[in-house]
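Listed below are the residues making up each chain.
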Amino acid sequence: MFFEDELHSLKVQGLLREIKKLPKGILNFCSNDYLGLSQHPKVIEGAIQASKKYGAGSGAARLVSGNNPLMEELEQCLTQWKKTEAVLLFNSGYHANIGVIPALADENTIIFSDELNHASIIDGCRLSRAKVQVYPHNDMDHLEKQLAAHRQSAASCEPRALIITESVFSMEGDLAPLDDLKKIAEKYEALLYIDEAHAVGMFGEKGRGRVCHISENILTMGTLGKAFGSYGAFIAGSQVMKKYLLNKARSFIFATALPPASVGASLAALKIIQSREGEKLREELWSSVDVLNQELNLCQGDSPIFSIRMGDAKKTMQASTKLLRNNIYIQGIRPPTVPAGTSRLRLTLSARHTVREIKKLLENLKNIL
Ligand SMILES: *Cc1c(COP(=O)(O)O)cnc(C)c1O
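I will try to describe carefully the structure that is included in this document. (Residues numbered from 1 in each chain as written. Predicted model: local features only at pLDDT ≥ 70, side-chain atom pairs only at ≥ 80, totals over all residues. Heavy atoms only, no water.)

## Comments concerning the pairing of strand 3 (residues 109-114)
Working step 1: Of all 6 residues in strand 3, 6 are buried, a share of seventy percent or more.
Working step 2: As paired elements, strand 3 and strand 5 (residues 160-166) share 5 bridges and run parallel to each other. Opposite Ile 111, over in strand 5, you have Leu 162 as the bridge partner.
Working step 3: Pairing analysis gives 5 bridges linking strand 3 to strand 4 (residues 131-135), with the strands arranged parallel. Residue pairing across strands places Ser 113 opposite Val 134, the latter belonging to strand 4. (Buried < 20%, exposed > 50% of the residue type's maximum accessible area, 1.4 Å probe, protein only. Helix = DSSP H or I, 4+ residues; strand = E, 2+ residues; numbered from the N terminus. Pairing = 2+ DSSP bridges.)

## Comments concerning the sheet that holds strand 9 (residues 305-311)
Working step 1: Reading across the sheet, the 3 strands line up as 9-12-11 and stay open at both edges, with antiparallel pairing between neighbours. Of all strands in the sheet, those bounded by a partner on one side alone are strand 9 and strand 11 (332-333).
Working step 2: The pairing of strand 9 with strand 12 (residues 343-348) spans 6 bridges and is antiparallel. Residue pairing for strand 12: Ser 307 is matched across the bridge by Arg 346.
Working step 3: In the packing of helix 13 (residues 313-325) onto the sheet, contacts are made with strand 9, strand 11 and strand 12, and the angle to strand 12 comes to roughly 35 degrees. (Contact = heavy atoms within 4.5 Å. Axes fitted to C-alpha atoms, helices over the stretch in contact; angles between N-to-C directions.)

## Some thoughts on the environment of Pro 339
Working step 1: Within the element layout of this structure, Pro 339 appears in the loop between strand 11 and strand 12.
Working step 2: Remark: the alpha-carbon pair of Pro 339 and Lys 20, spanning 319 residues in sequence, is separated by 23 Å.

## Considering unusual backbone geometry
Working step 1: Residue Pro 336 is bonded to the preceding Pro 335 through a cis peptide linkage, with omega at 5 degrees.
Working step 2: In this structure, Pro 336 sits in the loop between strand 11 and strand 12.
Working step 3: Of note in this structure, Arg 129 is not a glycine but carries a positive phi near 65 degrees.
Working step 4: Positionally, Arg 129 belongs in the loop between helix 6 (119-128) and strand 4.
Working step 5: Phi angles above zero are rare outside glycine, and Glu 189 is one such case at about 50 degrees.
Working step 6: Mapped onto the fold, Glu 189 is located in the loop between helix 8 (178-187) and strand 6 (191-195).
Working step 7: Given the relative accessible area of 63%, Glu 189 is considered exposed.

## Points about the site of the ligand
Working step 1: The environment of the ligand is formed by 14 residues, the closest being Gly 93, Tyr 94, Asp 195, His 198 and Lys 226.
Working step 2: Between the ligand and the protein, one listed contact pairs an oxygen atom with a side-chain N or O atom of Ser 92 at 3.5 Å.
Working step 3: Asp 195 is positioned with one of its side-chain polar atoms (N or O) 2.6 Å from a nitrogen atom of the ligand.
Working step 4: Against a free-state accessible area of 380 Å², the protein chains account for coverage of 85% of the ligand.
Working step 5: For the shell around the ligand, the secondary structure elements donating two or more residues are helix 5 (93-104) and strand 7 (218-223).
Working step 6: Counting residues per element, the shell around the ligand draws most heavily on helix 5, at 3 residues.
Working step 7: Residues of the shell around the ligand, tallied by class, amount to 3 nonpolar, 8 polar and 3 charged. (Near = heavy atom within 4 Å. Polar contact = N/O pair within 3.5 Å; in protein donor to acceptor, adjacent residues only side chain to side chain. Areas by Shrake-Rupley, 256 points an atom, 1.4 Å probe, with all protein chains shown as cover. Nonpolar A, V, L, I, M, F, W, Y, C, P; charged D, E, K, R; others polar.)

## Observations regarding the packing of helix 4 (residues 69-82) against helix 11 (residues 260-274)
Working step 1: In the contact formed by helix 4 and helix 11, the axes pass within 9 Å of each other and the chain directions differ by 25 degrees. Here helix 4 is positioned roughly parallel relative to helix 11, judged by the angle of their axes. Crossing handedness for the pair helix 4 and helix 11: left-handed. In this structure, helix 4 uses Leu 70, Met 71, Glu 73, Leu 74, Cys 77, Leu 78 and Trp 81 to contact helix 11, whose residues at the interface are Pro 260, Val 263, Gly 264, Ser 266, Leu 267, Leu 270, Ile 273 and Gln 274. (Parallel < 35°, antiparallel > 145°, perpendicular 65-115°, else oblique. Left-handed = near helix turned anticlockwise from the far one by under 90°.)

## As for the side chain of Thr 79
Working step 1: Note on placement: Thr 79 falls in helix 4.
Working step 2: Polar contacts involving the side chain of Thr 79 include one to the main-chain carbonyl oxygen of Glu 75, which spans 2.5 Å.

Everything listed here is a matter of coordinates, which is why it stays silent on function.
Listed below in structure tokens is the structure:
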């Protein structure tokens, strides 16, 4: 039987995935709820009030009858916060990447994609039918050589070039050299698409993310399901880009709009992220990052994402199970999420973790490292 054979083969390789039932009271160190906003009373209240006013679901795609004033308000607020021209909401970061990338690229485009880009970016590239050149992680010299070769070979009817990177890499937790990327994109007249899933809320002034000047050839994507503690995503870019995307991005056009509750929660979360309270949450988060940097010696420290390399998939899952016995949940990350031989524990911090909880984490980590 095909299904059983396939599942057996995954199991033998230590790659079988199963949904865990987590006991109550567990210390969670693998959520992307970086500021703890998914549990914030004001964010929960935002969801409740939005549901009461607009219902549980949107009933249709936004271009049909799924629009409501809250969505426009959220786009407006995100636009001001990002200091950009326009924002378009998507149902999730995954929807955004598989919709926007094929809208920007086709058979006549070459996409230059960092080798560690997220699966949703890879899927977006595949759907676009564009030619994809993967460049070694954060290797700007290599990227520039690829672009130069592309320009030389293109001669007359030059195909368009699109560079795609994450801003904070989801698995390594390291940062993309955005200034260099911007310069290279400008020099080679390429469009630059930056996925800020793990940057908005935590990085930059008022948690705006790492990209603070969005020019004509730059688009950024931010998710609302991570630091925002809600669900959804948005693209920030120019006015004309917004018009273009709502006509071209199929995942926007052909999917039911976000439920009002998610939009209401995101609006409340955005208010907090911009406020003094958000500032305080960020301070707490980054001070925990400092503690882990000092104690763990992993040569990292650029973000609240820590990658503890174990190499082997089975060994990684055993370490995760061992931690779980002591009430500490850190998910093991295996191929195909990360390249073969680089299985790891991916540890994330949240502003909600207390000093005492971090201490417990460190004690337990020292036992397995
Ligand atoms: C999580 C993630 C996404 C997908 O976002 P969702 O809102 O969870 O669908 C996209 N890109 C990156 C880099 C991510 O980490």
